Each structure stands twice: as C-alpha cells, then as structure tokens.
Amino acid sequence: MTDDNLYKKSYIRRLSELGKLAPDTMKKFTAFDQQALAEGVLSKKTKELIAVAVAHVTGCPYCIEAHVSSAKRLEVSKEEMLEAIMVATALKAGSALAHGVNALNAYDGTGGEELYKRSNKNRLMEFKEINADSFHAFSLFNHQALKDELLSRKEKELIAVAVAHVTGCAYCIDSHTKSAKQLGVTLEELAESIFVATALKAGSALAHSVNALNAYYD
C-alpha cells in the first residue's frame, strides 16, 4: 500500500475478507452483534445511543461512523447524541479519577493485597483537599452530564453502566448499577445494556482488523 492514511471510511469494506478467512467465527459474531442491538426490553434507539457512547470510549472511528448513522436513521437528534457522548466522557474521566484511590493507596503504601474494595472510594474526598478547584470542576461536569435532560436519568445510567464495563472500572460499575436500580432499571434492561457494550468492544477489535489486513499486505 502507498496510501499514508491509516483510517479511511472505505477500509471497512475489507471486513468481507475477514469473513472469508474465518467464516464460522464471523457468522457467529455477526449474529451476536445483531442480537445485542436488536429491539428488546430496551428500544433500538436506546441501544444505538449506548452504542454511540461506547464507541467514543473504544475510540473506533469505524464504529462511530456506523452507529451514528444508525442512530440518525432512528431519529436520534444531534442534541441527544451529544448528551450520550457527554455521559461517556464523564464516565471515562470518572474512571480515571476513581482509580486515583488506588494511586493514593500505592503512594501511601496502605493498600495491602486487596486492590479493589468499596471502602477505597472513601478516599476520593482526599482529592478535594489536594486540589479543590479541579475536583469541584469535575463534580459539576459529572452532575451536568448525568442529569435529566433530553435523555432521562434512567437512559443516562444505562449508558453509564455500559461505558463502565468498557473502561473496566469496578468502582464505576458498582456505583452506577446501584444508581440505575434506584431509577427503576430492571436486571433485564441492565443485561441488554451490558451486551451492547460487549458487542461494541468486540466490534471495535473486529473493525480494526481492516487495518491489520492493510498492514499485512503493505
């Protein structure tokens, strides 16, 4: 290849080649992906909003392109899309802050063998003491991103739970699952949001395979 571009919309067409290289696996993934995004206890619109949010965390440009297009066909407005993206932004930033309690434990040598305990979250307020301005600014942004607007708080917590499974933040999963439950989210709805996240995380890896094909034949 002589093209210097690592990402182009047209590259995604090479996925069909992967289907020929591993047809059975490709068929099974495609069936799972379609099922995860299909209408269920959550609407297709809600699932596409979750997908758009998660795609911004996986950083897959192909996924963003595909799921924004799908969301638009389902009459998701630009404003609704932005709200979903802001929830993803807050969760991605929040996971970094939440992991900061592990940094405090490591710095102080007080963590012990157990790396993740609910009680670790109690140390978050130490960041307020260390840098009150930054902590306050983040708290305001996080509150704004998750409050009831065009998307309901319930929808936003479903997005938050899904994103938390992609960031891999145990603290975020714990807190946002509890918040979702308080807002009336059922286990079935929770499971569907998690499967959308699973499909998107796997799908981003699959989508990037077109870059691997480009590199292999370069």
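For the structure, see preceding data.
This is a predicted model, so every value here is computed, not measured.

What counts and what doesn't
Residues numbered from 1 in each chain as written. Predicted model: local features only at pLDDT ≥ 70, side-chain atom pairs only at ≥ 80, totals over all residues. Heavy atoms only, no water. Salt bridge = Lys/Arg side-chain N within 4 Å of Asp/Glu carboxyl O. Helix = DSSP H or I, 4+ residues; strand = E, 2+ residues; numbered from the N terminus. Buried < 20%, exposed > 50% of the residue type's maximum accessible area, 1.4 Å probe, protein only. Core = buried A, V, L, I, M, F, W, Y, C linked by side-chain atoms within 4.5 Å. Contact = heavy atoms within 4.5 Å. Axes fitted to C-alpha atoms, helices over the stretch in contact; angles between N-to-C directions. Nonpolar A, V, L, I, M, F, W, Y, C, P; charged D, E, K, R; others polar.

A. Layout of the pattern of salt bridges. Counted by the stated rule, this structure contains twelve salt bridges. Put simply, lysine 9 and glutamate 65 hold a salt bridge, and the shortest N to O gap is 3.3 Å. A residue pair is termed long-range when its members are at least 10 positions apart, and lysine 9 in the segment before α1 (15-21) and glutamate 65 in helix α4 (residues 61-73) qualify at 56 residues. The class for glutamate 65 is partly exposed, based on a relative accessible area of 38%. As a salt-bridge pair, aspartate 174 and arginine 118 come within 3.0 Å of each other at their nearest N and O atoms. Placement of the pair is aspartate 174 in helix α9 (residues 170-182) and arginine 118 in the loop between α5 (78-108) and α6 (124-130), with a sequence separation of 56 residues. The network of salt bridges with common partners includes Arg118, Lys121, Asp174 and Lys178.

B. Broad picture of the nonpolar core. With 50 residues, the main nonpolar core has Leu37, Ile50, Val54, Leu91, Ile159, Val163 and Leu200 as its most contacted residues. Setting aside anything within four residues of it in sequence, one finds valine 163 in contact with Ala53, Val54, Val57, Ala88 and Leu91.

C. Structural view of the environment of proline 61. Assignment of secondary structure puts proline 61 in helix α4. For proline 61, a relative accessible area of 34% gives the class partly exposed. Placed 117 residues apart in sequence, proline 61 and lysine 178 show a C-alpha to C-alpha distance of 31 Å. Apart from residues no more than four positions distant in its own chain, proline 61 is found in contact with Tyr7 and His208.

D. Region of the structure containing the packing of helix α7 (residues 132-146) against helix α8 (residues 153-167). Relative orientation of the contacting elements α7 and α8 amounts to 115°, with a least axis distance of 9 Å. Facing Gln144, Ala145 and Leu146 of α7, the residues of α8 in contact are Arg153, Lys156, Glu157 and Ala160. Looking at the contact of α7 with α8 residue by residue, the classes come out as three nonpolar, one polar and three charged.

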